[in-house]
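Take a look at the letters that make up each chain.
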Amino acid sequence: MKIAYFLDVPKGFGGAGNLLLQQAVLMSELYDVIVVIPADETGSYNYEYAKRCEQHHIPYTWIEYSTAWNFMSIDYIEYMKSVVSIEEFAKKENITFFHSVQLNIAVEYVSRKLKIPHLMDIYQLREDDFRLCPGDIYSHYHLCDSILYSNLWNKQLGVDSRYIRPIAILDNIRKKAVYSKDNIKLLMLGVVCPRKNQMTAIKAVAQSAALIAPIKLELNIAGDIDNYYAEECIEYVKVNKLDQFIVFHDFVSDITPLLESCDCLLCASTDESFPSSIVEALTYDLTIISTPVAGVPEVFFDKNNSFISVDFTVEGIKDSILECLEYYKNGKIIDIHKNAEKTWLSNFERKTVRKQIDLYYKYISANGYFRDNKEFLNIEKDVKQTELLLHDINDDGEKWIYTKYLYYTLVRKKLKKGKIYIWGAGKLGKLTFEILKKICPDTEIIAFIDRYKEGSYCEIPVIKLEDVQFDQSSFYCISFASGRDEAIQYLVDKGLALNTQIWCMP
């Protein structure tokens, strides 16, 4: 069997793509493998992925293709342009098995055409997001790292799903010589972003540090800081004079020195499937402090093999940090690590995971389940009709709307008749208005909702949020990005459902 592993992004570095790369390295011990790295329209590909392939002596190539991490962001027309290149590659390399990460519909199309089995890795989505699934254009076989999301994908799409935990980065745990009692270094790994929740962690560490003198506490944050949220975190540390014990390292290609020098991993995430950073940290004998995010409570138990906070708040995370430090102080931390080692052996050890993946590969290959590509043709027809409707839209410089024709196709089908409210009377609200007029001509746009503007906009009344009469027969289109999650929750609290009455536009 020759396996092609299709990674996710032409630049950047995330946990999902890294996990697939680790799976490729692991399975290269049994099979002939090649890693495929996506290139962008300029021919540039992900050099970090390439470097890691070279480090592990894994052959790789690059092809221009794209993936999506949710249904809403699939650029159907653009994605399908890569079908020819992927098919030519598969024939040339005599590929007999595809393993991809995220939603890669071009690989699935080629899989069906050439009768090559295809397994997809994709992780957390909200249950509401599955209402945007446009049709039967995904792999029937799914691999996840938590029971929670494996069950969700099976329930929502009827796919054949398995859960297999992330892979340990070494063959054995690198045990620490001693567990410090008076100088504890915490480590956070991953891009600095809202779902990783670093701001909350920073506040929790700051409050903990003020309570444990003379014990010294240090938080090391290793992850990309090229975004607005990261800037907020850095500014908060600076303004509150926390620089002496909170350190930002930006993206670190080789995290081994940090894993060797730190004592605890702090995971404050609010949205994960199963944080692979926990496995990396456990392999280097770090104590795990984590929120109860997704699959973590399936494996880790508070004050048994880790410290799991009761919730995702500053107070909850602070309490877990303080409990952990007390275990370091009284020596009970040794028992935590003994139990954590048993957890590592039964869930993450390389031989264990390799056997699990191999059994799934053999099951998929033997099953020989392939659909046809009729659904792709039906979707293409619908998307081209949407493209025709929007071909002369006044995009007001927002060229990215053309990547969302598949999403607008779904909107066009769902919002056939009824009343529409557009939340946000700004530039994007106007663009939403223009799009809806084109694709939903039989609906009635009642008003713009805006906290600050009055009168009319685009010859439509502008009303205050408190004046809206919410009902389940109307549609509510959110036309702004900043604060969108809060707006969605506000509408959900009114008894409405995302991707049913609530829509994110444009």
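Here the residue numbering is sequential within each chain, running from 1 through the sequence in written order. Where totals are concerned, whole chains, interfaces and linings use all residues; where local detail is concerned, this predicted model gives features only for residues with pLDDT of at least 70, and gives and counts side-chain atom pairs only at 80 or more. Excluded from the side-chain calculations are hydrogens and water; all other atoms, namely the structure's heavy atoms, are used.

Draft legend 1. Structural view of helix 15 (residues 374-389). In this model, helix 15 (16 residues) spans 23 Å end to end at C-alpha, consistent with the 22 Å of a helix rising 1.5 Å per residue. A 1.4 Å probe rolled over the protein chains alone gives each residue an accessible area, and that area as a share of the maximum for its type sets the label: buried under 20%, exposed over 50%, partly exposed in between. The way it works is that DSSP assigns letters per residue, a run of H or I at least four long becomes a helix, a run of E at least two long becomes a strand, and they are numbered from the N terminus. Considered for burial, the residues of helix 15 that qualify are Phe376, Ile379, Asp382, Val383 and Thr386. Take helix 15 and look down its axis: the buried residues cluster within an arc of 130°, on one side only. In helix 15, the exposed positions angled more than 90 degrees off the buried face are occupied by Lys374, Leu377, Lys381 and Leu388. Note on definitions: a residue-residue contact is assigned when non-hydrogen atoms from the two residues lie within 4.5 Å. Structurally, helix 15 contributes buried residues whose contacts are with helix 3 (76-79), helix 5 (105-114), helix 16 (405-414) and helix 17 (427-439). An expected span of 1.5 Å times one less than the residue number is assigned to each helix. The arc under discussion is defined with respect to the helix axis, by the directions toward the C-beta atoms.

Draft legend 2. Just the layout of surface pockets, in detail. Of the volumes computed, that of the second largest pocket is approximately 170 Å³. Lining the second largest pocket we find Tyr76, Ile77, Met80, Lys81, Val83, Tyr109, Phe376, Leu377, Glu380, Lys384 and Glu387. The biggest single contributor to the lining of the second largest pocket is helix 15, with 5 residues. Considered class by class, the residues forming the lining of the second largest pocket number 7 nonpolar, no polar and 4 charged. A pocket here means an open set of points on a 1 Å grid, computed over the protein atoms alone, that has protein on both sides within 12 Å along at least five of seven lines. A cavity is instead a set of points where a 1.4 Å probe fits but cannot get out; residues with an atom within 4 Å of a point line either one. Grid points are joined across faces, edges and corners, and a volume is the space filled by probe spheres set on the points. Residue classes follow a fixed rule: Ala, Val, Leu, Ile, Met, Phe, Trp, Tyr, Cys and Pro count as nonpolar, while Asp, Glu, Lys and Arg count as charged, and any other residue, Gly among them, counts as polar.

Draft legend 3. Examining the packing of helix 1 (residues 15-27) against helix 14 (residues 350-367) more closely. Between helix 1 and helix 14, the least distance of the axes is 10 Å, while the angle of their chain directions is 90°. Here helix 14 runs roughly perpendicular to helix 1, going by the angle between their axes. Facing helix 1, whose interface residues are Gln23, Val25, Leu26 and Met27, helix 14 presents Arg350, Val353, Arg354, Ile357, Asp358 and Tyr361. A breakdown of the residues in the contact of helix 1 with helix 14 according to their chemical character gives 6 nonpolar, 1 polar and 3 charged. Axis lines are fitted through C-alpha atoms, for helices just across the contact stretch, and the angle between N-to-C directions can take any value from 0 to 180 degrees. Each angle is binned into one of four classes, with values under 35 degrees roughly parallel, values over 145 roughly antiparallel, values of 65 to 115 roughly perpendicular, and all other values oblique.

Draft legend 4. Region of interest: unusual backbone geometry. With omega at -5°, the peptide bond leading from Met505 into Pro506 counts as cis. Among the secondary structure elements, Pro506 is positioned in the segment after strand 19 (502-504). Despite not being glycine, Glu459 has its phi angle at roughly 65°, a positive value. For Glu459, the position within the fold is in the loop between strand 16 (456-457) and strand 17 (460-463). Despite not being glycine, Asn499 has its phi angle at roughly 65°, a positive value. Its location among the elements puts Asn499 in the loop between helix 18 (484-492) and strand 19.

Draft legend 5. Fine view of the sheet that holds strand 7 (residues 160-163). Pairing is parallel in the open sheet, where 7 strands are placed in the order 3-2-1-4-5-6-7. A strand with exactly one partner marks an edge of an open sheet, and here the two such strands are strand 3 (60-64) and strand 7. Each strand of the sheet is rotated relative to its neighbour by a mean of 25°, with strand direction disregarded. With 4 bridges connecting them, strand 6 (residues 141-144) and strand 7 associate as parallel partners. Strands qualify as paired when DSSP identifies two bridges or more between them.

Draft legend 6. Region of interest: the packing of helix 7 (residues 198-209) against helix 12 (residues 314-330). At a closest axis distance of 8 Å, the pairing of helix 7 and helix 12 adopts a crossing angle of 50°. By the angle between their axes, helix 7 is oblique relative to helix 12. Handedness of the helix 7/helix 12 crossing: right-handed. When helix 7 is examined against helix 12, the residues Thr200, Lys203, Ala204, Val205, Gln207 and Ser208 are found in contact with a partner set consisting of Val314, Glu315, Ile317, Lys318, Ile321 and Leu322. Class assignment of the residues belonging to the contact of helix 7 with helix 12 gives a composition of 6 nonpolar, 3 polar and 3 charged. Each crossing gets its handedness from the near helix: less than a right angle anticlockwise from the far helix is left-handed, clockwise is right-handed.

Draft legend 7. The nonpolar core, seen in detail. If you look at the biggest cluster of nonpolar residues, it comprises 118 residues, and the most contacted ones within it are Phe71, Trp153 and Leu436. With 8 residues, helix 1 is the largest single contributor of residues to this core. Core analysis: the second largest hydrophobic core is formed by 37 residues, Met188, Ile202, Leu325 and Tyr327 among them. By convention a nonpolar core is built from buried Ala, Val, Leu, Ile, Met, Phe, Trp, Tyr and Cys residues, the set being connected through side-chain atoms within 4.5 Å.

Draft legend 8. Region of the structure containing the sheet that holds strand 17. Spatial strand order, 16-17-15-14-18-19: 6 strands in an open sheet with mixed pairing. This sheet does not close on itself; its edge strands, each paired only once, are strand 16 and strand 19. Along the sheet, helix 17 contacts strand 14 (418-423), strand 15 (443-449), strand 16, strand 17 and strand 18 (475-478); its crossing angle with strand 15, the most-contacted strand, is approximately 175°.

Draft legend 9. Representation of the side chain of Ser474. Within the secondary structure, Ser474 is located in the loop between strand 17 and strand 18. With residues up to four places along the chain from it excluded, the contact list for Ser474 reads Lys419, Tyr421 and Gln501.

Draft legend 10. Spotlight on the pattern of salt bridges. When a carboxyl oxygen of Asp or Glu lies within 4 Å of a side-chain nitrogen of Lys or Arg, that pair is called a salt bridge. Here the structure, examined in full by the defined rule, presents 29 salt bridges. In this structure, Glu272 and Arg195 form a salt bridge, with 3.7 Å as the shortest nitrogen-oxygen distance. Linking Glu272 in the loop between strand 11 (264-267) and helix 10 (276-283) with Arg195 in the loop between strand 8 (183-189) and helix 7, this pair joins segments that are 77 residues apart in sequence. Judged by its relative accessible area of 31%, Arg195 falls in the partly exposed class. Among the ionic contacts, a cluster of salt bridges with common partners joins Glu29, Asp171, Arg350 and Arg354.

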